[in-house]
Amino acid sequence: MSKISVYIIAFNEAEKVAATIESAKWADEIVLVDSWSTDGTPEIATRMGAKVVQVDFKGFGDLRNQAIAACTHEWIFSLDADERCTPQAEQEIRAITNSPDALDVYWMPRRNYFMGRWIQHSGWYPNYRQPQLFRNGSMSYDMKPVHEGYVLNSNKPIGHLQNAIWQFPFKNMAEVLHKANRYSTLGAEKIMHKKITMGMALSHGIWAFTKHYVFKRGFLDGWAGFVIALGNFEGTFYRYVKALEIQKGSQWQAPKAPPP
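Residues numbered from 1 in each chain as written. Predicted model: local features only at pLDDT ≥ 70, side-chain atom pairs only at ≥ 80, totals over all residues. Heavy atoms only, no water.

Trainee: For this particular structure, what's the right way to read the overall build of the chain?
Mentor: For the chain, the count of helices and strands is seven helices and 13 strands. Against the compact-globule benchmark of 18 Å for 260 residues, the chain has a radius of gyration of 20 Å, which places it among compact chains. Here the C-alpha coordinates of the chain stretch approximately 75 × 40 × 40 Å along the principal axes. The buried share of the chain, taken over its 260 residues, is 48%. (Helix = DSSP H or I, 4+ residues; strand = E, 2+ residues; numbered from the N terminus. Rg over C-alpha atoms; globule rule 2.2 N^0.38 Å. Buried < 20%, exposed > 50% of the residue type's maximum accessible area, 1.4 Å probe, protein only.)

Shown next, in the form of structure tokens:
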């Protein structure tokens, strides 16, 4: 029987992390990679039997690589604190990891629940992020601060699991706005080297809304689909504005002289 490590990245997720850990208790090891939470998240994880590793946050790519380094078993399954592994996904993971024909890396579909409904469109289903199941050593992450990519260290193709895990991305609109603010700040670092204008910020924001609401059929998800598209507009628009703010530097700071 192959052994599996589950790693969970978290920061101030006391309201969610217990359910995430509970959903992964079938694993041989649970590693919570925390960035010095102040709300009791690491204490909850410790009480539930997880190994807690504290990592200074230097971006999500670095954080996930640190998580891999903390895992000790042959297979690694990645969960975020707002995700839940279902029994069906667990059974499929066990079957794959014990199969002599298993590939090295697998995509995992996710079902998102938001504003009281399961989201069917809006780019949120099957909503793959980086591959979530992989042999230890067969995959790592690039060092982007947010929306990090993956680096494949295997010659085999990437497989697809059929059974989805669940994700509960936002408890309320305050969390939607908080994430848009945080991710736009991190994302600004990725594009600050580009030539940016306010017109570019607006056009990219409009495209982000249109892509999710029209082309990814977010309008079929009702008001939840509209909010998802609007959140993508805000995150994209503010990412470009914040990058422009960095470029402008002192030009956007307090004036040294009164207006004419």
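So, next bit.
Trainee: In this structure, what is going on with unusual backbone geometry? I would like to understand it.
Mentor: The phi angle of most residues is negative, glycine excepted, and most peptide bonds adopt the trans form. Cis peptide bonds are those with omega within 30 degrees of zero, and the linkage from Tyr125 to Pro126 qualifies with 5°. Inspection of the secondary structure assignment puts Pro126 in the loop between strand E8 (117–118) and strand E9 (133–135). In this model, Arg217 sits at a positive phi of 60°, which is unusual for a non-glycine residue. Mapped onto the elements of the fold, Arg217 is located in the loop between helix H6 (198–215) and helix H7 (222–248).

Trainee: Can you walk me through the pairing of strand E2 (residues 29–34) in this structure?
Mentor: Sheet faces and side chains relate simply in a regular strand, where the side chains alternate between the two faces. Along E2, six of the six residues are buried, which leaves the element largely enclosed by surrounding structure. A two-sided burial pattern is seen for E2, the buried positions comprising Glu29, Val31 and Val33 on one face and Ile30, Leu32 and Asp34 on the other. Taken together, the six bridges between strand E1 (residues 4–10) and E2 define a ladder with parallel strand orientation. From the neighbouring strand, Tyr7 faces E2, where its bridge partner is Val31. (Pairing = 2+ DSSP bridges.)

Trainee: Before we go on, may I ask you to explain the packing of aromatic side chains in this structure?
Mentor: Each aromatic ring pair is described using two quantities: the centre-to-centre distance and the angle formed by the ring planes. Across all of its chains, the model carries 21 aromatic pairs by this definition. Both rings, one in Phe57 and one in Phe60, keep their centres 5.0 Å apart while their planes meet at 75°; by these two values the pair is edge-to-face. Judged by its relative accessible area of 30%, Phe57 is partly exposed. Taking 5.7 Å as the distance between ring centres and 5° as the angle between the ring planes, the aromatic pair formed by Phe233 and Phe237 counts as stacked. Separated by four residues within a single helix, Phe233 and Phe237 lie in helix H7, roughly one turn from each other. Residue classification places Phe237 among the buried positions, given a relative accessible area of 16%. (Phe/Tyr/Trp six-rings, centres within 6.5 Å; stacked < 30°, edge-to-face > 60°.)

Trainee: Before we go on, may I ask you to explain the pairing of strand E4 (residues 75–80) in this structure?
Mentor: Summarising burial for E4: six of the six residues are buried, a large majority. What you see with E4 is no split at all: Trp75, Phe77 and Leu79 on one side and Ile76, Ser78 and Asp80 on the other are buried throughout. One ladder, built from six bridges, connects E1 with E4; its direction is parallel. Directly across from Val6, in E4, lies its bridge partner Phe77. Two elements, E4 and E9, share three bridges in a ladder whose sense is antiparallel.

Trainee: What is the right way to look at the environment of Lys58 in this model?
Mentor: In this structure, Lys58 sits in the loop between strand E3 (51–54) and helix H3 (60–70). Expressed as a C-alpha distance, the spacing of Lys58 and Pro145, which sit 87 residues apart in the sequence, is 7.0 Å.

Trainee: Quick question: what am I supposed to make of the sheet that holds strand E6 (residues 105–107) here?
Mentor: As a general point, the strands of a sheet are linked pairwise by backbone hydrogen bonds and lie either parallel or antiparallel. Overall, mixed pairing links the seven strands, which are arranged E3-E2-E1-E4-E9-E6-E12 in an open sheet. Among the strands making up the open sheet, the edge pair consists of E3 and strand E12 (159–160).

Trainee: Hey, could you run me through the pattern of salt bridges in this one?
Mentor: When their charged atoms lie close together, side chains carrying opposite charge are able to pair. Scanning the model with the defined rule gives 13 salt bridges in all. Put simply, Arg129 and Asp80 hold a salt bridge, and the shortest N to O gap is 3.4 Å. Of this pair, Arg129 sits in the loop between E8 and E9 while Asp80 is found in strand E4, placing the two residues 49 residues apart along the sequence. Classification of Arg129 as buried rests on a relative accessible area of 13%. According to the relative accessible area criterion, Asp80 is buried, its value standing at 13%. Linking Lys156 and Asp104 is a salt bridge whose minimum nitrogen-to-oxygen distance equals 3.8 Å. Taken together, the residues Lys156 in the loop between strand E11 (150–152) and E12 and Asp104 in the loop between helix H4 (87–97) and E6 connect sequence positions 52 residues apart. Residue classification places Lys156 among the partly exposed positions, given a relative accessible area of 38%. Within the structure, one salt-bridge network assembled from shared partners comprises Arg64, Asp80, Glu83, Arg110, Arg129 and Glu148. (Salt bridge = Lys/Arg side-chain N within 4 Å of Asp/Glu carboxyl O.)

Trainee: What should I look at first to understand the nonpolar core in this one?
Mentor: In terms of nonpolar packing, the biggest core is built from 28 residues, with Val6, Ile8, Trp26, Phe77, Leu79, Ile93 and Leu133 touching the most fellow members. Counting only elements with at least two residues in this core, the list comes to E1, helix H1 (17–23), E2, helix H2 (41–47), E4 and H4. Here the element with the most residues in this core is E1; it accounts for four residues. Beyond its immediate stretch of four places on either side in the chain, Ile8 contacts Thr20, Ile21, Ile30, Val31, Leu32, Val33, Leu79, Asp80 and Ala81. In this structure, Val55, Ile68, Cys71 and Val146 belong to the second largest nonpolar core, which totals 18 residues. (Core = buried A, V, L, I, M, F, W, Y, C linked by side-chain atoms within 4.5 Å. Contact = heavy atoms within 4.5 Å.)

Interpretation in functional terms is not warranted from these geometric data alone.
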